[in-house]
Amino acid sequence: MLCTFNQIQKRDNIRERTKEEMSRFRGANGGNILDKFVIRGGHPLEGEVNISGAKNAAVAIVAATILCDEPCIIENIPNISDIGISLEIFRDMNADIQVINKNTIRFDTKNISKPNVPHELARSMRASSYFLGTLLGRFHEAFVPLPGGCDLGDRPIDQHLKAFKALGALDDIQSGCVHVKADSLIGSQIYFDFITVGGTINAMFAAVKADGYTVIENAAKEPHIVDVANFLNSMGADIRGAGTDVIKVRGVKYLKGITYSVIPDQIEAGTYMVAAAATRGNVLIKNVIPKHLESITAKLRTIGVSVEEFDDSVRVRADMGGPFIKTNIKTMPHPGFPTDMQPQISTLLSLAEGTSTVTDDIFDNRFRYVSELRRMGADISVDGKVAVIHGGTLKGAPVKATDLRAGAAMVIAGLAADGVTEISDIFHIERGYEAIEDKLTALGADIKRVYVPSKNDLAMSV
Ligand code: EPU
């Protein structure tokens with residue numbers, strides 16, 4: 001039977017065996033679930049910061065190694081806990097994983113014998129849904145529990161299943177586990193009812209080795225869609241149009257092993273851009289693709305922040321005085337302003353002169369951080385999908401990271417606030433930001449991790 005207790009137990013044994021290796025991908029500081037950040041605000045960020053590989057590209061590319069018929073080496077993988085979870089999934093499937101260095105991993109997936117992902121691991125992140133597409137593409141069958149990830153409201157996968165069905169797969173959901181199966185996958189036309197990043201990537205995964213020609217319409221255009229297509233094409237896939245709203249995939253029989261480097265993280269870069277601005281700092285943000293940052297750059301300039309673009313870096317300055325200027329923002333799929341930057345830019349707007357509005361209707365519930373920001377003195381009201389922000393100042397307070405980007409917003413707020421901010425639930429932040437406290441400390445921030453031993457650690461130390 002699928003997703004059984006035995007599987008979980010087996011996974012736990014494997015986890016024991018590979019504990020040391022896995023811990024290298026639990027977030028660069030290998031912390032505990034109860035750890036906190038304590039930030040003393042008021043220090044302008046200054047200097048240079050290197051941006052890591054893109055989380056949302058890496059989690060998909062790592063899952064896509066299942067489609068490859070030979071070993072692959074993936075470079076510039078962000079050292080974050082979501083990748084740690086992906087590696088545990090691979091271990092559970094008996095894949096051969098070698099961590100070459102902190103950002104490079106070799107994947108040999110030929111020994112995978114079962115197309116199953118265990119419950120607990122699938123529930124730990126949204127990207128576990130990518131194993132549906134890659135396992136279906138390779139084995140014509142997959143058992144993957146409904147994915148978890150940030151709690152941003154209801155996050156269905158009906159469009160993913162619609163894509164699989166168009167290619168000939170049947171699906172069935174029992175006890176929270178999705179089972180997809182196809183006798184054969186046949187190229188077809190897939191039309192998404194609305195733009196979905198995960199649905200577009202999963203459709204490419206299922207189509208890449210299908211018989212014949214697939215056309216994906218109303219496709220998402222995010223930079224990581226293009227990166228995933230580039231990865232698949234480098235292995236020998238035939239995908240055209242990634243980055244536009246029509247993607248064409250001609251199925252191939254064989255994908256060869258390659259070495260591939262993940263693109264820089266648009267959202268990590270944007271987060272440091274906003275942090276530099278909010279602290280009235282002067283930071284060179286390196287290893288970025290400035291084109292991917294255009295919507296963020298444009299809004300920062302409107303707010304009165306200087307952004308200078310170079311070939312693979314941007315300099316953000318807000319150290320010349322002058323108030324931050326109110327503005328209105330609506331999040332949109334790429335190339336619009338990304339929902340994953342909404343909590344961070346809203347935090348900056350809470351320091352602006354005047355009243356701004358921010359509309360975010362991509363997810364049901366992306367304003368959960370607002371009640372935390374209010375503890376720091378922010379004047380924000382939320383009505384449905386619209387936040388009205390009356391700018392002012394922020395004061396340090398104890399707050400919680402309610403999800404990944406909400407946590408990033410709390411860090412920015414803490415850096416810009418007067419006094420001390422203590423952020424709990426920082427494990428959310430470590431899902432997507434490599435070594436955030438080290439990078440910020442190097443920029444002059446006063447940020448400390450408070451290690452809080454979990455009950456298990458205490459028991460082991462007795
Ligand atoms: N949706 C459905 N049915 C589906 C798929 C999506 O109703 O089958 C809905 C979602 O509930 C949401 C909207 O469509 O309301 C857009 O969802 P999408 O599929 O585009 O998002 P996702 O693939 O679940 C990825 C990122 C998110 C990012 C969104 C939007 C990954 C692993 N996650 O999620 O990243 O916010 O695209 O750009 O790539 C983050 O990094 O903090 C994060 C949440």
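Quick caveat, the model's predicted, so the values are computed rather than measured.

A. The arrangement of the domain arrangement of the protein chain in detail. According to the domain assignment, the protein chain contains domain 1 (32-52 + 264-457) and domain 2 (55-261). Using only C-alpha atoms to locate each centre, domain 1 and domain 2 end up separated by 30 Å. Between domain 1 and domain 2, the contact holds 24 residues from the first and 23 residues from the second. For the pairing of domain 1 and domain 2, the buried interface totals around 1800 Å² over both sides, and the portion due to carbon and sulfur atoms is 51%. Of all residues in domain 1, H334, R431 and E434 give up the largest surface area on contact with domain 2, accounting jointly for 38% of the area buried on that side. Linking domain 1 with domain 2 are 2 salt bridges. Inspection of the region where domain 1 meets domain 2 yields 8 residue pairs in polar contact (both at pLDDT 80 or more).

B. Fine view of the site of the ligand. Taken together, 23 residues lie around the ligand, and D158, Q159, T196, D340 and I362 are the ones closest in. Here an oxygen atom of the ligand and a side-chain polar atom of T196 are 2.7 Å apart. Within the side chain of D340, a nitrogen or oxygen atom sits 2.5 Å from an oxygen atom of the ligand. Relative to its unbound accessible surface of 820 Å², the ligand loses 91% to contact with the protein. Those elements that provide at least two residues to the shell around the ligand are α3 (55-64), α7 (158-166), α8 (197-207) and α14 (404-416). Per element, the largest residue contribution to the shell around the ligand is 3 residues, and it comes from α7. Each residue belonging to the shell around the ligand can be placed in one class, and the counts come to 9 nonpolar, 6 polar and 8 charged.

So, how was this worked out
Residues numbered from 1 in each chain as written. Predicted model: local features only at pLDDT ≥ 70, side-chain atom pairs only at ≥ 80, totals over all residues. Heavy atoms only, no water. Domains from an automatic or database assignment. Contact = heavy atoms within 4.5 Å. Buried area = accessible area lost by both parts, 1.4 Å probe. Salt bridge = Lys/Arg side-chain N within 4 Å of Asp/Glu carboxyl O. Polar contact = N/O pair within 3.5 Å; in protein donor to acceptor, adjacent residues only side chain to side chain. Near = heavy atom within 4 Å. Areas by Shrake-Rupley, 256 points an atom, 1.4 Å probe, with all protein chains shown as cover. Helix = DSSP H or I, 4+ residues; strand = E, 2+ residues; numbered from the N terminus. Nonpolar A, V, L, I, M, F, W, Y, C, P; charged D, E, K, R; others polar.

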